[in-house]
Amino acid sequence: MRDGDAGPNTSAKKKAEEPTEEQETRAKVRDRESREQTPTSAEKSLTPKERDTVSEHGNLSPLTVYSIILREGEDELRRPNISLWWSGVAAGVGISTSVLVEGIIRSNLGSDHPYLTLIESLGYSFGFVLVILCRLQLFTENTITVVLPVLADPTRNRFYCAARLWGIVLAANLCGTFLTAAIGVHGGILPAETLAAIMEISHHLAKLTPAETFLRGIPSGFFIAALVWMLPSAKRSEVLVIIMFTWLIAAGDFTHVIAGSNEIFILVLSGEMNMVNALIYHISPVLLGNILGGTGLFAMLAYGQVHEEM
C-alpha cells in the first residue's frame, strides 16, 4: 500500500471508532458555528464593522451561561476543605448584614411606617451584595452551581464532592450567623433601638409554622438560583440584579435559610428559644425548601433546556 493511501484510510477508521455521542456533539457544534457565520437578511446589508457591533451586543446563549456556571461549579468542587470552611464562615458573617440593615431602617422609620416592609426590604439586599460580589461561599448559591457538574457527570465521586461541599459550607454559614448573632446580642455594639428592631424582625419569622417556612423557602431558593444564572449576562449591572431579586425575597416574606438563621439564633441567644427547636422547626424546613426551589426546580430546568444542545 502506498503512503498516500494510508492517511485517508487511517483517518476514516478513527472516525468510525469514535463514540456516536461524540459524533453527535461535534455535529451540533458545527451546526451552531454555521449559524453564527451565516449572516441574516439584515446583516447582509451591514459593513464588517457593523456586523461586529451586532455580535458584541448579542446576549449570551443558554448553553454559554450553562458552561460558565458549570466551570465555576467544577472549580468549587476541587477547593480544599479549609478554604470552603473559612469562605463559608465569612459568608455567614456577611449575610448577617442583611438583618442588621433591616434593623437599622426599622428603628429609624418606626414600626408603624405605612411603607415599612417595602423600604426595609432594601436592607435585606446589603448582605447578599456583600457575599456575592466578594465571591464567598453561600449555601443557597451552591444549590445550582455545584449541582450542574453532578448532573453533567453523575459519578459517585461527583456526588461525594458535592455532598462534602454542601456539608462544609452549610455548617460554616451557620457558624458565621451564630457568631454575629452572639456579638449582636451580647457584644454591646448595637444601639438598644436597633437591637429591639432586629428582635421584632426575628419574632415575625419565628411565628411561622414549619410548613409555612418550608413552602416560603421554595420561591426563595428558586430566585437565588435564578440570580446565579443571570449574573453572567448582567454586564456590569450585577448589583442591580442582586438587589432586585433579594428585595423580592424580603418583600414577599419568603424565607432564606442562612439569612433567617441569624434571626433565629438571635432568639436562641436571647433565651427565647432553645437550639433544638431552632434547628428542627425553623432552620431545617427552610433548608429543605431552599434546596427544592434551587436544585429541584431551577437547576433541573436549567439543565433540561440545554441538555439536547450538548
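All values derive from a computational prediction rather than experimental measurement.

### Section: helix 11 (residues 210-230)
Now for step 1: Helix length check: helix 11 (21 residues) gives 30 Å between terminal C-alpha atoms against 30 Å at 1.5 Å per residue, within 8%.
Now for step 2: The set of residues buried in helix 11 consists of Thr213, Gly217, Ile218, Ser220, Gly221, Phe223, Ile224, Ala225, Ala226, Leu227, Val228 and Trp229.
Now for step 3: Among the structural elements, helix 4 (62-77), helix 6 (116-133), helix 7 (142-145), helix 8 (147-152), helix 12 (238-251) and helix 14 (275-307) are those in contact with the buried residues of helix 11.

### A few points about the nonpolar core
Now for step 1: Ranked by internal contacts, the top residues of the largest apolar core, which has 51 residues, are Ile95, Phe128, Phe139, Leu227, Ile242, Val257 and Ile258.
Now for step 2: In this structure phenylalanine 128 touches Ile95, Ser98, Leu138, Ile224, Ile242, Thr246 and His256, once residues within four positions along its chain are discounted.
Now for step 3: Counting 17 residues, the second largest nonpolar core, distinct from the first, contains Leu63, Val228, Ala299 and Ala302.

### Some words on the packing of helix 10 (residues 192-206) against helix 13 (residues 257-269)
Now for step 1: Where helix 10 contacts helix 13, the axes come no closer than 9 Å and their chain directions differ by 105°. The angle between helix 10 and helix 13 falls in the class roughly perpendicular. Contacts from Ile198, Met199, Ile201, Ser202, His203, Leu205 and Ala206 in helix 10 reach Gly260, Glu263, Ile264, Ile266 and Leu267 in helix 13.
Now for step 2: Taken together, the residues that form the contact of helix 10 with helix 13 break down as eight nonpolar, three polar and one charged.

### Re helix 12
Now for step 1: In this model helix 12 runs 20 Å from its N-terminal to its C-terminal C-alpha over 14 residues, within 8% of the 20 Å that 1.5 Å per residue would give.
Now for step 2: Buried within helix 12 are the following residues: Val241, Ile242, Thr246, Ile249 and Ala250. Looking straight down helix 12, one finds its buried side chains confined to an arc of 160°; they lie on one side.
Now for step 3: Its buried side turned inward, helix 12 meets helix 5 (81-109), helix 6 and helix 11.

### Regarding a nonpolar patch on the surface
Now for step 1: A cluster of nonpolar side chains, Phe178, Met275, Val276, Leu279, Ile280 and Tyr281, forms an exposed patch at the surface whose accessible area comes to about 510 Å².
Now for step 2: Sorting elements by how many residues they give to the nonpolar patch places helix 14 first, with five residues.
Now for step 3: Of note, leucine 279 is situated in helix 14.

Definitions and cut-offs
- Residues numbered from 1 in each chain as written.
- Predicted model: local features only at pLDDT ≥ 70, side-chain atom pairs only at ≥ 80, totals over all residues.
- Heavy atoms only, no water.
- Helix = DSSP H or I, 4+ residues; strand = E, 2+ residues; numbered from the N terminus.
- Expected span 1.5 Å × (residues − 1).
- Buried < 20%, exposed > 50% of the residue type's maximum accessible area, 1.4 Å probe, protein only.
- Contact = heavy atoms within 4.5 Å.
- Core = buried A, V, L, I, M, F, W, Y, C linked by side-chain atoms within 4.5 Å.
- Axes fitted to C-alpha atoms, helices over the stretch in contact; angles between N-to-C directions.
- Parallel < 35°, antiparallel > 145°, perpendicular 65-115°, else oblique.
- Nonpolar A, V, L, I, M, F, W, Y, C, P; charged D, E, K, R; others polar.
- Arc of directions from axis to C-beta.
- Patch = residues over 30% accessible without salt bridge, like charges linked within 9 Å, V, L, I, M, F, W, Y side chains within 5 Å.
- Areas by Shrake-Rupley, 256 points an atom, 1.4 Å probe, with all protein chains shown as cover.
- Salt bridge = Lys/Arg side-chain N within 4 Å of Asp/Glu carboxyl O.

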